[in-house]
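Spelled out from the first residue to the last, the chains are:
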Amino acid sequence: VGVAAVVTAAGSGSRLGLAVPKALARVGDAPLVVHAVRAVQASGAVDHVVVTVPVQHRDAFAEVLAPLDVVCVVGGPTRQASVAAGLAAVPADARVVLVHDAARALTPPEVVARVVGAVLDGHPAVVPVVPVTDSVVSVVGEVRPVDRTTLRVSQTPQGFDRDALARAHRAAAARAATEGEAATDDVSLCAAIGIPVSVVDGHLDALKITLPVDLVVAESLLAARATVPSEAPGGRA
Ligand code: C5P
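So, how was this worked out
- Residues numbered from 1 in each chain as written.
- Predicted model: local features only at pLDDT ≥ 70, side-chain atom pairs only at ≥ 80, totals over all residues.
- Heavy atoms only, no water.
- Helix = DSSP H or I, 4+ residues; strand = E, 2+ residues; numbered from the N terminus.
- Buried < 20%, exposed > 50% of the residue type's maximum accessible area, 1.4 Å probe, protein only.
- Contact = heavy atoms within 4.5 Å.
- Core = buried A, V, L, I, M, F, W, Y, C linked by side-chain atoms within 4.5 Å.
- Patch = residues over 30% accessible without salt bridge, like charges linked within 9 Å, V, L, I, M, F, W, Y side chains within 5 Å.
- Areas by Shrake-Rupley, 256 points an atom, 1.4 Å probe, with all protein chains shown as cover.
- Salt bridge = Lys/Arg side-chain N within 4 Å of Asp/Glu carboxyl O.
- Near = heavy atom within 4 Å.
- Polar contact = N/O pair within 3.5 Å; in protein donor to acceptor, adjacent residues only side chain to side chain.
- Pairing = 2+ DSSP bridges.

Peer 1: Would you mind showing me how to read the overall build of the protein here?
Peer 2: Each helix and strand counted, the protein has seven helices and twelve strands in total. Counting only C-alpha atoms, the protein reaches 50 × 40 × 35 Å along its principal axes. When each of the 237 residues of the protein is scored for burial, the buried share is 48%. Sequence separation of at least 24 residues holds for 72% of the intrachain contacts in the protein that already meet a minimum separation of 6.

Written out as C-alpha coordinates, the structure reads:
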(Lines give C-alpha, C1' and ligand atoms only; values in the text may rest on other atoms or scores of the structure.)
Protein backbone atom coordinates (compact mmCIF):
# COMPACT_ATOMS: atom_id res chain seq x y z
CA VAL A 1 0.00 0.00 0.00
CA GLY A 2 1.44 3.39 -0.95
CA VAL A 3 1.59 5.96 1.84
CA ALA A 4 1.79 9.69 1.11
CA ALA A 5 2.14 12.71 3.39
CA VAL A 6 0.89 16.22 2.73
CA VAL A 7 3.04 18.62 4.76
CA THR A 8 1.29 21.97 5.13
CA ALA A 9 3.71 24.88 4.99
CA ALA A 10 1.73 27.57 3.17
CA GLY A 11 0.87 29.73 6.20
CA SER A 12 2.27 33.20 6.79
CA GLY A 13 3.12 32.64 10.44
CA SER A 14 2.40 36.25 11.29
CA ARG A 15 2.11 35.32 14.99
CA LEU A 16 5.82 34.51 15.00
CA GLY A 17 6.58 38.12 14.06
CA LEU A 18 9.18 37.17 11.43
CA ALA A 19 9.62 38.59 7.93
CA VAL A 20 9.73 35.10 6.39
CA PRO A 21 6.91 32.52 6.35
CA LYS A 22 6.89 30.43 9.53
CA ALA A 23 7.95 27.22 7.80
CA LEU A 24 11.17 28.94 6.66
CA ALA A 25 12.06 30.02 10.21
CA ARG A 26 15.27 28.26 11.22
CA VAL A 27 15.79 26.12 14.30
CA GLY A 28 19.06 24.30 14.71
CA ASP A 29 20.56 23.59 11.30
CA ALA A 30 17.46 23.98 9.11
CA PRO A 31 14.09 25.65 8.47
CA LEU A 32 11.01 24.18 10.19
CA VAL A 33 9.70 22.68 6.95
CA VAL A 34 12.95 20.77 6.42
CA HIS A 35 12.85 19.33 9.94
CA ALA A 36 9.23 18.29 9.38
CA VAL A 37 9.95 16.54 6.07
CA ARG A 38 13.04 14.82 7.47
CA ALA A 39 11.01 13.38 10.37
CA VAL A 40 8.30 12.09 8.02
CA GLN A 41 10.91 10.43 5.81
CA ALA A 42 12.90 9.10 8.79
CA SER A 43 9.80 7.16 9.92
CA GLY A 44 10.39 4.73 7.06
CA ALA A 45 6.60 4.52 6.76
CA VAL A 46 5.98 7.13 4.04
CA ASP A 47 6.65 6.74 0.30
CA HIS A 48 5.73 10.18 -1.11
CA VAL A 49 5.80 13.68 0.37
CA VAL A 50 3.86 16.67 -0.99
CA VAL A 51 4.57 20.09 0.56
CA THR A 52 2.11 22.99 0.30
CA VAL A 53 3.98 26.30 -0.03
CA PRO A 54 2.94 29.98 -0.11
CA VAL A 55 2.80 31.28 -3.68
CA GLN A 56 4.90 34.38 -2.97
CA HIS A 57 7.74 32.29 -1.57
CA ARG A 58 7.62 29.24 -3.80
CA ASP A 59 11.20 29.70 -5.03
CA ALA A 60 12.62 29.94 -1.52
CA PHE A 61 10.80 26.73 -0.53
CA ALA A 62 11.94 24.95 -3.70
CA GLU A 63 15.51 25.87 -2.80
CA VAL A 64 15.49 24.60 0.80
CA LEU A 65 13.56 21.45 -0.18
CA ALA A 66 15.70 20.65 -3.25
CA PRO A 67 17.90 18.09 -1.42
CA LEU A 68 14.81 16.20 -0.20
CA ASP A 69 12.63 14.00 -2.40
CA VAL A 70 9.40 16.02 -2.28
CA VAL A 71 6.85 17.60 -4.62
CA CYS A 72 5.89 21.24 -3.90
CA VAL A 73 2.42 22.57 -4.65
CA VAL A 74 1.07 26.07 -4.07
CA GLY A 75 -1.26 26.20 -1.07
CA GLY A 76 -4.54 28.06 -0.65
CA PRO A 77 -5.96 30.88 1.49
CA THR A 78 -6.61 28.58 4.49
CA ARG A 79 -5.01 25.43 5.86
CA GLN A 80 -8.05 23.46 4.69
CA ALA A 81 -7.63 24.79 1.14
CA SER A 82 -3.91 23.99 1.24
CA VAL A 83 -4.60 20.39 2.31
CA ALA A 84 -7.11 20.00 -0.53
CA ALA A 85 -4.50 21.26 -3.00
CA GLY A 86 -1.90 18.90 -1.56
CA LEU A 87 -4.28 15.95 -1.66
CA ALA A 88 -4.94 16.59 -5.36
CA ALA A 89 -1.18 16.15 -5.98
CA VAL A 90 -0.86 12.83 -4.10
CA PRO A 91 0.07 9.97 -6.46
CA ALA A 92 -2.81 7.68 -7.41
CA ASP A 93 -1.21 4.58 -5.85
CA ALA A 94 -1.25 6.07 -2.32
CA ARG A 95 -4.14 4.53 -0.36
CA VAL A 96 -3.04 6.07 2.96
CA VAL A 97 -2.54 9.83 3.31
CA LEU A 98 -1.08 11.69 6.28
CA VAL A 99 -1.61 15.41 6.80
CA HIS A 100 1.13 17.06 8.83
CA ASP A 101 1.84 20.66 9.88
CA ALA A 102 5.32 21.89 9.01
CA ALA A 103 4.89 23.92 12.20
CA ARG A 104 5.11 20.63 14.17
CA ALA A 105 8.67 20.38 12.98
CA LEU A 106 10.08 18.28 15.82
CA THR A 107 7.50 15.48 15.74
CA PRO A 108 9.38 12.24 16.45
CA PRO A 109 9.44 9.76 13.54
CA GLU A 110 7.90 7.09 15.77
CA VAL A 111 4.68 9.14 16.00
CA VAL A 112 4.52 9.18 12.18
CA ALA A 113 4.99 5.41 12.09
CA ARG A 114 2.34 4.89 14.81
CA VAL A 115 -0.26 6.88 12.87
CA VAL A 116 0.45 5.01 9.62
CA GLY A 117 0.24 1.70 11.50
CA ALA A 118 -3.18 2.56 12.90
CA VAL A 119 -4.55 3.43 9.43
CA LEU A 120 -3.09 0.21 7.99
CA ASP A 121 -4.83 -1.65 10.85
CA GLY A 122 -8.15 -0.39 9.44
CA HIS A 123 -8.81 2.91 11.22
CA PRO A 124 -9.97 5.40 8.55
CA ALA A 125 -9.10 8.59 10.47
CA VAL A 126 -6.37 8.72 13.14
CA VAL A 127 -5.22 11.60 15.34
CA PRO A 128 -2.22 11.59 17.70
CA VAL A 129 -3.13 13.17 21.04
CA VAL A 130 -1.56 14.30 24.31
CA PRO A 131 -3.23 15.02 27.67
CA VAL A 132 -4.43 18.52 28.59
CA THR A 133 -2.21 19.77 31.43
CA ASP A 134 -3.95 23.11 32.04
CA SER A 135 -7.33 23.47 33.72
CA VAL A 136 -9.92 24.53 31.13
CA VAL A 137 -13.09 26.67 31.15
CA SER A 138 -15.84 27.02 28.55
CA VAL A 139 -16.65 30.70 27.91
CA VAL A 140 -19.68 30.41 25.60
CA GLY A 141 -22.59 31.72 27.68
CA GLU A 142 -22.02 31.09 31.37
CA VAL A 143 -18.35 30.47 32.21
CA ARG A 144 -18.03 26.82 33.23
CA PRO A 145 -15.04 24.66 34.12
CA VAL A 146 -14.61 21.65 31.83
CA ASP A 147 -13.26 18.35 33.15
CA ARG A 148 -9.88 18.18 31.44
CA THR A 149 -9.67 14.41 31.90
CA THR A 150 -12.30 14.13 29.13
CA LEU A 151 -10.17 16.17 26.71
CA ARG A 152 -7.02 15.62 24.64
CA VAL A 153 -4.95 17.99 22.52
CA SER A 154 -4.93 17.00 18.83
CA GLN A 155 -1.61 16.93 16.99
CA THR A 156 -0.41 15.96 13.53
CA PRO A 157 0.38 13.94 11.48
CA GLN A 158 -3.24 12.84 11.22
CA GLY A 159 -3.65 9.73 9.09
CA PHE A 160 -6.42 8.66 6.75
CA ASP A 161 -7.73 6.16 4.34
CA ARG A 162 -7.29 8.22 1.21
CA ASP A 163 -10.88 7.90 0.01
CA ALA A 164 -12.26 8.90 3.41
CA LEU A 165 -10.10 12.04 3.50
CA ALA A 166 -11.05 12.96 -0.07
CA ARG A 167 -14.77 12.56 0.73
CA ALA A 168 -14.43 14.69 3.87
CA HIS A 169 -12.72 17.48 1.93
CA ARG A 170 -15.28 17.36 -0.90
CA ALA A 171 -18.12 17.61 1.64
CA ALA A 172 -16.55 20.69 3.26
CA ALA A 173 -15.22 22.39 0.12
CA ALA A 174 -17.61 25.35 0.48
CA ARG A 175 -15.86 26.32 3.74
CA ALA A 176 -12.31 26.14 2.44
CA ALA A 177 -11.87 29.70 1.16
CA THR A 178 -12.74 31.57 4.36
CA GLU A 179 -10.57 31.72 7.49
CA GLY A 180 -13.02 31.42 10.39
CA GLU A 181 -15.17 28.88 8.51
CA ALA A 182 -12.43 26.53 7.35
CA ALA A 183 -11.41 23.53 9.45
CA THR A 184 -8.21 23.77 11.49
CA ASP A 185 -7.52 20.05 11.11
CA ASP A 186 -8.65 17.04 9.09
CA VAL A 187 -10.13 14.57 11.58
CA SER A 188 -12.74 17.25 12.29
CA LEU A 189 -13.78 17.15 8.61
CA CYS A 190 -14.05 13.36 8.78
CA ALA A 191 -16.06 13.43 12.02
CA ALA A 192 -18.44 15.92 10.39
CA ILE A 193 -19.51 13.29 7.83
CA GLY A 194 -19.66 10.41 10.29
CA ILE A 195 -16.27 8.80 9.66
CA PRO A 196 -15.08 7.33 12.99
CA VAL A 197 -11.95 8.96 14.44
CA SER A 198 -9.37 6.98 16.44
CA VAL A 199 -6.59 8.23 18.71
CA VAL A 200 -2.99 7.12 19.19
CA ASP A 201 -0.36 8.55 21.52
CA GLY A 202 1.22 11.77 20.30
CA HIS A 203 4.34 13.36 21.79
CA LEU A 204 5.13 16.61 23.58
CA ASP A 205 7.92 17.30 21.07
CA ALA A 206 5.22 17.58 18.36
CA LEU A 207 4.19 21.00 19.71
CA LYS A 208 2.91 23.45 17.09
CA ILE A 209 5.47 26.22 16.73
CA THR A 210 3.20 29.29 16.67
CA LEU A 211 4.50 32.01 19.00
CA PRO A 212 8.04 33.36 19.49
CA VAL A 213 8.36 31.38 22.75
CA ASP A 214 7.79 28.15 20.82
CA LEU A 215 10.95 28.79 18.77
CA VAL A 216 12.91 29.03 22.02
CA VAL A 217 11.43 25.71 23.18
CA ALA A 218 12.21 24.12 19.80
CA GLU A 219 15.85 25.28 19.91
CA SER A 220 16.21 23.79 23.40
CA LEU A 221 14.66 20.47 22.33
CA LEU A 222 17.06 20.19 19.40
CA ALA A 223 20.03 21.06 21.60
CA ALA A 224 18.93 18.40 24.11
CA ARG A 225 18.60 15.82 21.33
CA ALA A 226 22.13 16.61 20.19
CA THR A 227 23.54 15.88 23.67
CA VAL A 228 21.14 13.09 24.73
CA PRO A 229 20.62 11.03 21.56
CA SER A 230 18.08 8.58 22.98
CA GLU A 231 15.45 10.09 25.19
CA ALA A 232 12.80 8.36 27.23
CA PRO A 233 9.73 7.41 25.15
CA GLY A 234 6.69 9.63 25.51
CA GLY A 235 8.37 12.56 27.19
CA ARG A 236 10.83 15.35 26.74
CA ALA A 237 13.60 13.48 28.63
O1 C5P B 1 -1.56 28.96 11.11
P2 C5P B 1 -1.43 27.62 11.70
O3 C5P B 1 -0.23 27.49 12.61
O4 C5P B 1 -2.67 27.06 12.31
O5 C5P B 1 -1.12 26.66 10.47
C6 C5P B 1 -0.97 25.27 10.63
C7 C5P B 1 -0.17 24.72 9.46
O8 C5P B 1 -0.91 24.90 8.25
C9 C5P B 1 1.17 25.44 9.27
O10 C5P B 1 2.17 24.48 9.04
C11 C5P B 1 0.91 26.35 8.08
O12 C5P B 1 2.06 26.57 7.29
C13 C5P B 1 -0.13 25.57 7.28
N14 C5P B 1 -1.00 26.45 6.47
C15 C5P B 1 -1.12 26.23 5.09
N16 C5P B 1 -1.91 27.07 4.33
C17 C5P B 1 -2.57 28.11 4.89
C18 C5P B 1 -2.47 28.34 6.30
C19 C5P B 1 -1.69 27.48 7.06
O20 C5P B 1 -0.51 25.27 4.57
N21 C5P B 1 -3.28 28.91 4.11
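Peer 1: Please explain the nonpolar core as it appears in this structure.
Peer 2: Generally speaking, soluble globular proteins have nonpolar side chains that are buried together. Core analysis: the largest hydrophobic core is formed by 32 residues, its most contacted members being Val33, Val46, Val51 and Leu65. Taken together, the elements giving at least two residues each to this core come down to β1 (2–8), α1 (32–42), β4 (48–53), α2 (58–65), β6 (94–101) and α4 (109–120). For this core, the element with the most residues is α4, which contributes six residues. With residues up to four places along the chain from it excluded, the contact list for Val33 reads Ala9, Ala23, Val51, Phe61, Val64, Leu65 and Ala102. In terms of nonpolar packing, the next biggest core, distinct from the first, is built from 24 residues, Val6, Val50, Leu87 and Leu165 among them.

Peer 1: Please explain the environment of Phe61 as it appears in this structure.
Peer 2: As for its position among the elements, Phe61 is in helix α2. Placed 147 residues apart in sequence, Phe61 and Lys208 show a C-alpha to C-alpha distance of 20 Å. Once you skip the residues sitting within four places of it in the chain, Phe61 turns out to touch Ala9, Pro21, Ala23, Leu24, Val33, Val53 and Pro54.

Peer 1: I keep staring at a nonpolar patch on the surface and nothing clicks. Help me out?
Peer 2: On the surface, a cluster of nonpolar side chains totalling about 280 Å² of accessible area is made up of Val137, Val139 and Val143. Looking at the element boundaries, Val143 is found in the loop between β8 (136–138) and β9 (144–146).

Peer 1: Is there a simple way to explain the pattern of salt bridges in this structure?
Peer 2: In total, this model carries six salt bridges according to the counting rule given. For Asp163, the salt bridge goes to Arg95, with nearest N and O atoms at 2.9 Å. In this pair, Asp163 sits in helix α5 (residues 162–171) while Arg95 sits in strand β6, placing the two residues 68 residues apart along the sequence. Accessibility expressed as a relative area gives 42% for Asp163, which makes it partly exposed. A residue is classified by how much of its surface remains accessible, and Arg95, at 33% relative accessible area, is partly exposed. Among the ionic pairs, Asp101 bridges to Arg104, the shortest N-O distance being 3.5 Å. With respect to class, Asp101 is no different from Arg104; both count as buried.

Peer 1: Please clarify how the site of the ligand should be interpreted in this entry.
Peer 2: Taken together, 16 residues sit near the ligand, with Thr8, Lys22, Gly76, Ser82 and Lys208 positioned nearest. Here an oxygen atom of the ligand and a backbone polar atom of Gly11 are 2.9 Å apart. Residue Arg15 places a side-chain N or O atom 3.2 Å away from an oxygen atom belonging to the ligand. With the chains in place, 85% of the 460 Å² that the ligand exposes on its own is no longer accessible.

Peer 1: What is the right way to look at the side chain of Ser43 in this model?
Peer 2: Residue placement: Ser43 occurs in the loop between α1 and β4. Leave out the neighbours within four places in its chain, and Ser43 touches Pro109, Val112 and Ala113.

Peer 1: In this structure, what is going on with the pairing of strand β7 (residues 125–131)? I would like to understand it.
Peer 2: For a regular strand, side-chain orientation follows a simple rule: the groups alternate between the two sheet faces. Extensive coverage of β7 is indicated by the burial of six of its seven residues. Taken together, the two bridges between β7 and strand β11 (residues 158–161) define a ladder with antiparallel strand orientation. Bridge assignment links Ala125 to a residue of β11, and that residue is Phe160. Summarising the sheet, β7 and strand β12 (residues 198–201) pair through four bridges and their orientation is parallel. Looking across to β12, one finds that Pro128 is bridged to Val200. In this sheet, strand β10 (residues 152–154) lies alongside β7 in antiparallel orientation, the contact comprising three bridges. Paired with Val129 across the bridge in β10 is Ser154.

Peer 1: Looking at this model, I keep getting lost on the pairing of β11. Mind explaining?
Peer 2: Sheet topology places β6 next to β11; four bridges connect them, and they run antiparallel. Considered in β11, the bridge of Val97 is made with Phe160.

Peer 1: So what exactly am I meant to see when it comes to α5 here?
Peer 2: Three or four residues apart is the spacing at which side chains of an α-helix point the same way, because the helix has 3.6 residues per turn. Listed in full, the buried residues belonging to α5 are Arg162, Ala164, Leu165, Ala166, Ala168 and His169. Those residues of α5 that are buried lie in contact with α3 (79–88), β6, β11 and α6 (187–192).

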